[in-house]
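Structural description and commentary
What follows is each chain in one-letter form.
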Amino acid sequence: MSHPGFKNSPIMSLAPLFDGLLIAAAGWLAYFIRWDRWNMSLEYLSVLLLGTVLVFVVFPATGAYKHWRDDSYWRNTGTVLPGLLIVAAFLMLAGTLTKTTAEFSRLWMAYWFAYALAAVFLCRWLAKLLAKLPVLGQSPTRVLIIGEGEFARAVAQKVQQAEDRKWQVIDILSPFGVRAQLAGDLSEARPGTDMETLISDPDSGIDEIWIAMDSSAINQQEAVIRVLQTSCLTVRYVPDLSMLTLLNHMPSEAAGMTVIDLNTSPLTGHNALIKAGLDKLIALFALSLLAPVLLIIAFLIRQGSPGPIFFRQKRHGWDGQVIQILKFRTMYQATEQTDDSRQAQHHDPRVTTIGRFLRRTSLDELPQFINVLRGEMSVVGPRPHPLALNHSFANRIDAYMQRHRVKPGITGWAQIHGLRGETETLEKMQRRIEYDLYYIEHWSLWLDIKIILRTLVSGWGGSNAY
């Protein structure tokens, strides 16, 4: 069902232009506050125009308009922050390359960023508030739902609970003419008129008809559609996809046909380019900064037990492709390759003395920044599991393999919530998969930044890291 709201509104289509004008106005106001005059010099005007143009490009690419739906206010407004940070970084980089940073006031830049952030946040709040208000003189669209069972009632309840109040369910009618009263319990049925008679009545008060029949009633849908073909009312079809675990499902077109993508990855097109670029920058910075630490760890591993410094293991990557990840070796060489489906346990005899420390602090994961530079992994994403572990759980947990719709990560949404280390029970693995799928479904650049910050603050250790 196409949900009404910002996503399809005129506000949504003009959002990049509106944000650009807001940020330009914020820069002009910052200039006035800084120097008490509106007449902006040509140098500052050129920076202002460059920043405005960057907003048109960067904001859509960073997902600033991805979640303009009936989500929380802070989630909607928080999506603009990565875009503003990237625009500011581009301007500083341009000033550094042209050696003109000293010619511009840093205080003006700080004012500009602060005013732009406040203006965009405030306007988004006002837009969301206005979207909840009914249009003057416009009554809600009155909807008759044709269907029965839990699915039809669930559709009616979602319409009733929608924030925009653009729709009003006036009744639920089964194909057999049984009607459900909306007041109170939706399951309370009462006798009603024939479906064909009701929808052909000009005084019925119906504006639209929504077919909401669950998959078990598929044999009845053809008869319903034949009846509705004789009606001049708008008819919408609400598919019952409840039997599937879906990721970012959306309508699209293929070979001239309308299809529903059931598990699209959010990391395609410009999203994939931005995330890959950010990954490589972070990996280069981390490897350069941590080079002395890596050398010390390598020396301690070599001194602690015979064997290679790195442990290499095949795991599933993006779209299920097999990759070879790198880790610091934490087990005795003779035992590390015996069974790659057996996770490390508390007081595991296979783990070396230095290996126990590395695993507890997750320092053994640091070589995976090399996997990030190769393009095989991401800084943030679901943790890659050994192949045998994937084969073990693929048929026991619904949508388990859907976690490979994005690149695996060094840290992830599940890990910052304490779901790392040994998963000795099915319930623990199910909970980890739930968090992994949530990350894929709700991915944004801002979510990645939050995960990285929480990883840095909380550390990579945990009670389950053996």
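Higher on the page you've got the structure.
Residues numbered from 1 in each chain as written. Predicted model: local features only at pLDDT ≥ 70, side-chain atom pairs only at ≥ 80, totals over all residues. Heavy atoms only, no water.

Time to look at the overall build of the chain. Of regular secondary structure, the chain possesses 17 helices and twelve strands. The buried share of the chain, reckoned over its 466 residues, is 44%. For the chain, the exposed surface amounts to about 24,500 Å²; the carbon and sulfur share of it is 61%. (Helix = DSSP H or I, 4+ residues; strand = E, 2+ residues; numbered from the N terminus. Buried < 20%, exposed > 50% of the residue type's maximum accessible area, 1.4 Å probe, protein only. Areas by Shrake-Rupley, 256 points an atom, 1.4 Å probe, with all protein chains shown as cover.)

Taken as a whole, this structure holds eight salt bridges when the rule is applied. D207 is paired through a salt bridge with R142; the nearest N and O atoms lie 3.1 Å apart. Of the two residues, D207 sits in the loop between α8 (195-199) and β5 (208-211) while R142 sits in strand β1 (residues 141-146), which places them 65 residues apart along the sequence. Among the salt bridges present, the one from D364 reaches K327, with a minimum N-O distance of 3.5 Å. One end of the pair, D364, is in the loop between α13 (353-361) and α14 (368-374); the other, K327, is in strand β10 (residues 322-328), and 37 residues separate them in sequence. For D364, a relative accessible area of 3% gives the class buried. The exposure class assigned to K327 is buried, which follows from its relative accessible area of 9%. A single salt-bridge network, built from bridges that share partners, covers K327, D364, E365 and R383. (Salt bridge = Lys/Arg side-chain N within 4 Å of Asp/Glu carboxyl O.)

Moving on: the pairing of strand β2 (residues 167-173). Most of β2 sits inside the fold, with five of its seven residues counted as buried. As defined by bridge partners, β1 adjoins β2 across six bridges and the pair is classed as parallel. Across the sheet, the residue bridging to R142 is Q168, located in β2. (Pairing = 2+ DSSP bridges.)

Attention now moves to the environment of L326. With respect to the helices and strands, L326 occurs in strand β10. Taking relative accessible area as the criterion, L326 reaches 4% and is therefore assigned buried. L326 sits 43 residues away from F369 along the chain, and the two C-alpha atoms are 8.7 Å apart. Excluding anything up to four places from it in sequence, L326 contacts F310, F311, R312, P367, Q368, I370, N371 and R374. (Contact = heavy atoms within 4.5 Å.)

A cluster of nonpolar side chains, namely L17, L21, V53, F56 and V57, defines an oily patch on the protein surface of about 460 Å² accessible area. Elements represented by at least two residues in the nonpolar patch include exactly α2 (15-35) and α3 (42-61). For the nonpolar patch, the leading source of residues is α3, giving three residues. One can find V53 in helix α3. (Patch = residues over 30% accessible without salt bridge, like charges linked within 9 Å, V, L, I, M, F, W, Y side chains within 5 Å.)

In this section: the packing of aromatic side chains. Applying the stated rule across the entire model yields eleven aromatic pairs. On the basis of an interplanar angle of 50° and a centroid distance of 4.9 Å, the ring pair of Y31 and W35 is categorised as tilted. Of this pair, Y31 and W35 both sit in helix α2, four residues apart, roughly one helical turn. Take Y31: its relative accessible area is 1%, and that puts it in the buried class. Ring geometry for W35 and Y44: centres 5.1 Å apart, planes at 70°, overall edge-to-face. Through a chain of ring-to-ring contacts, the aromatic side chains of Y31, W35, Y44, F104, W108 and W112 assemble into a single cluster. When the ring centre of W35 is taken as origin, the NZ or CZ atom of R34, which lies over that ring, is 4.9 Å away. (Phe/Tyr/Trp six-rings, centres within 6.5 Å; stacked < 30°, edge-to-face > 60°. Lys NZ or Arg CZ within 6 Å of the ring centre and 35° of its normal.)

Time to look at the environment of A414. Examined against the element boundaries, A414 turns out to sit in the loop between β12 (409-411) and α16 (426-441). A414 has contacts with L419, R432, Y435 and D436, leaving out every residue within four places of it along the chain.

So, about the packing of α3 against helix α5 (residues 80-97). The N-to-C vectors of α3 and α5 enclose an angle of 140°; their axes lie 9 Å apart at closest approach. On the basis of their axis angle, the class for α3 and α5 is oblique. The hand of the α3/α5 crossing is right-handed. Note on element contacts: α5 touches α3 through V80, G83, L84, I86, V87, F90 and L91, opposite V47, L50, G51, L54, V55, V58 and F59. (Axes fitted to C-alpha atoms, helices over the stretch in contact; angles between N-to-C directions. Parallel < 35°, antiparallel > 145°, perpendicular 65-115°, else oblique. Left-handed = near helix turned anticlockwise from the far one by under 90°.)

The next thing to look at is the pairing of β1. Pairing between β1 and β5: four bridges, direction parallel. From the neighbouring strand, I145 faces β5, where its bridge partner is W210.

A word on the environment of A298. Take A298: it is sitting in helix α11 (residues 291-304). Relative accessible area serves as the criterion here: at 14%, A298 is assigned to the buried category. What A298 contacts, discounting residues up to four positions off in sequence, is I309 and F328.

A few words now on unusual backbone geometry. Here the phi dihedral of D36 falls at roughly 60°; this positive angle occurs in a residue that is not glycine. Within the fold, D36 resides in the loop between α2 and α3. Even without glycine at this site, K99 takes up a positive phi of about 55°. Checked against the element boundaries, K99 lands in the loop between α5 and α6 (106-132). For K99, a relative accessible area of 74% puts it in the exposed group.

All quantities given are derived from atomic positions and should not be read as evidence of function.
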